[in-house]
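Spelled out from the first residue to the last, the chains are:
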Amino acid sequence: MANSARRDSPELPDFSLLKRLARDQLIYLLEQQHEVDKLYKVEYKPVISTSDQLCFLIRPRIQTVKWIYVANADRAAGKFRRYKIIFTPQKFYACEAVLEEQGMFGDVTTDEWAFYLLPLDDDIISLELPEFFRDNFLAGDQRWVRTAGSALHLLHSLYGPFSKVYGIGRCSKMAYESWREQVEEGEQKARHAEIGNVFLIDRDVDFVTPLCSQVVYEGLVDDIFRIKCGCVEFGPDVTSSDKSLKVMLNSQDKVFNEIRNEHFSNVFGFLSQKARNLQTAYDKRRGMDIKQMKTFVSEELKGLKQEHRLLSLHIGASESIMKKKTKQDFQELLKTEHSLLEGFEIRECISYIEEHINRQVSMIESLRLLCLLSITENGDFNNCSYGVDHLLTFSNLRQLGLLVEQQPGETLTVMESKVGKLVNDKTAGKLTDAFSSLAKKSNFRALSRKLNLVPKSDEEYDLRVPRDMAYIFSGAYVPLSCKLIEQTAGRGSKKSPGSTRLIHDTRTKNDAQRIILVMFLGGCTFSEISALRFLGREKGYKFIVVTTAITNSSRLLESLLDNHV
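Every chain is numbered on its own, with residues counted from 1 as its sequence reads. Two thresholds apply to this predicted model, a pLDDT of at least 70 for residue-level local features and 80 or more for giving and counting side-chain atom pairs, whereas whole-chain, interface and lining totals are computed over all residues. In computing side-chain properties, one takes all heavy atoms of the structure into account and sets aside hydrogens as well as water.

**Student:** For this particular structure, what's the right way to read the overall build of the chain?
**Tutor:** A run of H or I in DSSP becomes a helix once it reaches four residues, and a run of E becomes a strand once it reaches two; helices and strands are each numbered from the N terminus. In terms of regular secondary structure, the chain is built from 21 helices and 14 strands. Note on exposure labels: buried denotes an accessible area under 20% of the residue type's maximum, exposed denotes more than 50%, and partly exposed covers the range between, all computed with a 1.4 Å probe on protein chains only. In the chain, buried positions account for 53% of the 565 residues. Should any heavy atoms of two residues lie within 4.5 Å, those residues are counted as being in contact. Considering only intrachain contacts with a sequence separation of at least 6, the fraction spanning at least 24 residues in the chain is 75%.

**Student:** Teacher, can you tell me more about the nonpolar core here?
**Tutor:** By nonpolar core we mean a set of buried residues, namely Ala, Val, Leu, Ile, Met, Phe, Trp, Tyr and Cys, connected to one another through side-chain atoms within 4.5 Å. Of all hydrophobic cores here, the largest spans 133 residues; its most connected members are Leu155, Leu402 and Met519. It is helix α16 (residues 363-377) that provides the largest number of residues to this core, a total of eight residues. Beyond its immediate chain neighbours, meaning those up to four positions away, Met519 contacts Leu127, Ala148, Ala151, Leu152, Phe199, Leu200, Ile201 and Val546. Counting residues in hydrophobic clusters, the runner-up holds 14 residues, among them Leu54, Ile68, Phe87 and Cys95.

**Student:** Would you explain empty space enclosed by the protein in this entry?
**Tutor:** Taking a probe equal in size to a water molecule and rolling it over the atoms shows the remaining empty space. In this analysis, the protein atoms alone were mapped onto a 1 Å grid. Cavities are point sets where a 1.4 Å probe fits without being able to get out; pockets are open sets with protein on both sides within 12 Å along at least five of seven lines; lining residues have an atom within 4 Å of a point. Grid points are joined across faces, edges and corners, and a volume is the space filled by probe spheres set on the points. For the structure shown, the criterion picks out two cavities of 30 Å³ or more. Computed from the structure, the second largest cavity encloses a volume of approximately 40 Å³. Considering the residues around the second largest cavity, the lining is formed by Cys212, Ser213, Val215, Leu334, Glu337, His338, Leu341, Phe473 and Ser474. Broken down by class, the residue content of the lining of the second largest cavity amounts to five nonpolar, three polar and one charged. The residue classification treats Ala, Val, Leu, Ile, Met, Phe, Trp, Tyr, Cys and Pro as nonpolar and Asp, Glu, Lys and Arg as charged. All others, Gly included, are polar.

**Student:** I keep staring at the pairing of strand β6 (residues 164-168) and nothing clicks. Help me out?
**Tutor:** Along a regular strand, successive side chains alternate from one face of the sheet to the other. Summarising burial for β6: five of the five residues are buried, a large majority. Burial of β6 is two-sided: the residues Lys164, Tyr166 and Ile168 facing one way and the residues Val165 and Gly167 facing the other way are all buried. The pairing criterion for strands is at least two bridges between them, as found by DSSP. Strand direction decides the pairing type here: β6 and strand β7 (residues 197-202), joined by five bridges, are parallel. Within β7, the position partnered with Gly167 by the bridge is Leu200.

**Student:** What am I meant to see in the pairing of strand β4 (residues 118-121) here?
**Tutor:** Here β4 runs beside strand β5 (residues 124-126); their pairing, made up of three bridges, is antiparallel. Across the sheet, residue Pro119 finds its bridge partner in β5, namely Ile125. Counted along the chain from β4 to the antiparallel partner β5, the turn is two residues long.

**Student:** In this structure, what is going on with the packing of aromatic side chains? I would like to understand it.
**Tutor:** Aromatic ring pairs are described here by two measures, namely the spacing of the ring centres and the angle between the planes. Side-chain rings of Phe, Tyr and Trp (the six-membered ring for Trp) are treated as a pair once their centres are within 6.5 Å; stacked means planes under 30 degrees apart, edge-to-face means over 60, and tilted covers the remaining angles. This model, assessed by the stated rule, comprises 15 aromatic pairs. An aromatic cluster of three or more residues is present, and its members are Phe133, Phe137 and Phe207. Any Lys NZ or Arg CZ found within 6 Å of a ring centre and within 35 degrees of that ring's normal is scored as a charge over the ring. Directly above the aromatic system of Trp179 lies the positively charged group of Arg180, at a separation of 5.1 Å from the ring centroid.

**Student:** Even after reading the chapter, I still don't get the environment of Arg368, so can you show me in this structure?
**Tutor:** Along the chain, Arg368 falls in helix α16. In the structure, Arg368 is positioned 157 residues away from Leu211 in sequence and 6.0 Å away in space, judged by C-alpha atoms. Once residues lying within four places of it in the same chain are set aside, the contact partners of Arg368 are Leu211, Cys212, Ser213, Leu333, Glu337, Ser553 and Leu557. Whenever a nitrogen or oxygen atom comes within 3.5 Å of another N or O atom, the pair is scored as a polar contact, on the condition that within protein one atom can donate a hydrogen and the other can accept it, and that pairs from neighbouring residues in sequence are kept only if both atoms are in side chains. At 2.7 Å, the side chain of Arg368 and the side chain of Glu337 are in polar contact.

**Student:** Is there a simple way to think about α16 in this case?
**Tutor:** Since the α-helix turns once every 3.6 residues, residues separated by three or four places project in the same direction. Between the first and last residue of a helix there are one fewer steps than residues, each counted as 1.5 Å, and that sum is the expected span. In this model α16 runs 21 Å from its N-terminal to its C-terminal C-alpha over 15 residues, within 8% of the 21 Å that 1.5 Å per residue would give. Of all 15 residues that make up α16, 14 are buried, and the element is covered over most of its length. Of the residues flanking the start of α16, the one acting as N-cap is Ser362, its side-chain oxygen 3.4 Å from the backbone nitrogen of Ile364. Residue Asn378 follows α16 closely and has a positive phi angle near 50°.

**Student:** Where do I start with the pattern of salt bridges in this structure?
**Tutor:** Side-chain pairing between opposite charges can occur once the charged atoms of the two side chains come close. Each salt bridge in this description consists of a side-chain nitrogen of Lys or Arg and a carboxyl oxygen of Asp or Glu lying within 4 Å of one another. On inspection of all chains with the given rule, the structure shows 26 salt bridges. Across the pair Arg226 and Glu558 runs a salt bridge, and its minimum N-O distance is 3.0 Å. Separated by 332 residues along the polypeptide, Arg226 in the loop between α9 (217-225) and β8 (231-234) and Glu558 in helix α21 (residues 553-558) bring together distant segments of the chain. Residue classification places Glu558 among the partly exposed positions, given a relative accessible area of 29%.

**Student:** Would you take a moment to explain the state of the cysteines for this structure?
**Tutor:** Put plainly, a disulfide is one covalent bond tying together the sulfur atoms of two cysteines. The disulfide criterion is simple: two cysteine sulfur atoms within 2.5 Å. Summed over the entire model, instances satisfying the criterion amount to zero disulfides. The structure places no disulfide on Cys229, whose sulfur is separated from the nearest cysteine sulfur, that of Cys231, by 8.5 Å.

**Student:** Just to check I follow, could you spell out the side chain of Asp121 for this structure?
**Tutor:** Position of Asp121 among the secondary structure elements: in strand β4. Of note is the side chain of Asp121, whose polar atom sits 2.7 Å from the side chain of Arg260. Beyond its immediate stretch of four places on either side in the chain, Asp121 contacts Asn250, Ser251 and Arg260.

**Student:** I tried to follow the sheet that holds strand β3 (residues 108-112) on my own but got confused; where do I start?
**Tutor:** Where strands meet in a sheet, backbone hydrogen bonds hold them as pairs that are either parallel or antiparallel. The three strands lie next to each other as β1-β2-β3, forming an open sheet whose pairing is parallel. Edge positions in the sheet fall to β1 (53-58) and β3, since each of these pairs with one other strand and no more. Put simply, the sheet's adjacent strands are angled 20° from each other on average, direction ignored. When β1 meets strand β2 (residues 82-87), the two strands line up parallel, connected through six bridges. Every axis corresponds to a line fitted to the C-alpha atoms, with the helix fit spanning only the stretch in contact, and the corresponding angles, defined between N-to-C directions, vary from 0 to 180 degrees.

**Student:** Please clarify how unusual backbone geometry should be interpreted in this entry.
**Tutor:** Among all residues save glycine, negative phi is the norm, and among peptide bonds the norm is trans. Cis geometry is found at the peptide bond from Thr88 to Pro89, where omega equals 5°. For Pro89, the location among the structural elements is in the loop between β2 and α4 (93-101). Located in the positive-phi region is Glu128, a residue other than glycine, with phi close to 50°. On the secondary structure map, Glu128 appears in the loop between β5 and α5 (131-138).

**Student:** What should I look at first to understand the environment of Phe520 in this one?
**Tutor:** Mapping Phe520 onto the fold places it in strand β13 (residues 515-521). A C-alpha to C-alpha distance of 7.6 Å links Phe520 and Val545, two positions 25 residues apart in sequence. Apart from the residues within four sequence positions on either side, Phe520 is in contact with Ile201, Arg203, Ser481, Glu528, Leu532, Val545, Val546, Thr547 and Thr548.

Encoded structure:
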């Protein structure tokens, strides 16, 4: 199993303090409103309430602010009420400008709830800002950079000082500068550091990883059922009842905690063994006298029943995942992805992608494969589209470098000298090859060789006993983001092969040096989190993952669709 921990691993900081601080501030803000009798979900419709004051707790999003038109509706109806909007984690001038445009600014008071960080588990903290990726990397809107800097400042003030800070990417540099400004403005207090090194990583440094199919259990659960704020809703097909059930997925779930980082091929074997062990524990009741039975009921039975309930849920979830992935020819899909990562059989990969598009299985899945091909082989897909309705989507993908423009006159890889343009032949109703241009040498291929991201395919990879982080992709690929961290943390140098730059250094000598905080700006995947947990166990580190949001291929690409709101 990939889950065994080293005995000398350091203890993680207690992040429950973040929750307490956020809770206390919210209570303080609400107490100013006196009696709060009911909570409403903000929607584009009138709020039916007899209260003489309304308080709205919202994200600073322009669309959400536009929904709060209740003041104008009340005024037209001759009602007078007090209105307050609490923006979290902060308010922006653009939102106040919308209130002014709607003629509500004088009727509404505003405040901020500085709820920057939501601990999802012992080692995962989220800003819950899924819009960060599109706003910053596509639209160039840098307003969330200050939010990221404030989140880093909060962690530094509670668990710092940090010894070293490394940055990878332009956004990381700006977030670092924002954090340093806030540190210099505030009061400096000497304290015992609980976090050593910090890595800030832009999502656009590594697009390949989120585009790959996830095959660790937690990643698959996220892909199939969508984990939101650490919670997942399992439907009747999983619960074996007529009701859905919301479940928190974290280390408190003992069954989940043992399989979350496992390659899916190992999960059923573990769950079967767990079921046998559970049955053995139940069977102990036979032959007990009254005193022994009383002790069993008071000390063990409740825990066994809870474990049985959780085991049933995860067996049901695993069966549902198996059914869905088998239907989509998952093994053939993985084979294509692995070939793209290795740079082999590219013509066959292109044929597979063409067929996938022709079958209209899923637009998101087709875009994912096209982007993966484009990044790994620098393919040119200027003319590939699903029609004029999605021209903006393809423009967005090109702008971010997910669909790469070719430069003529350079070779591709040893295996292929040409790459196909995928051209939409509307008359034939299918995509056809147009091998008319040469591709420039792929940056991914060069990085892959330099950092050994793709293990040698002639070696058999035992997924039951992983030897490196590549196990999260069936031994085919080590995530670039995690490899850069491994290289830099291992060398302690000012520059790694992937241009990870040291931008801050105040060294401390204690256990905190083995606590590493990694902040992903633009989102990270559960696969990357599993990889970092593996690396930590191997090297004696503990990683804390801070992310603007949990992402995967679907979320990333959906955020770039032309109809995204």
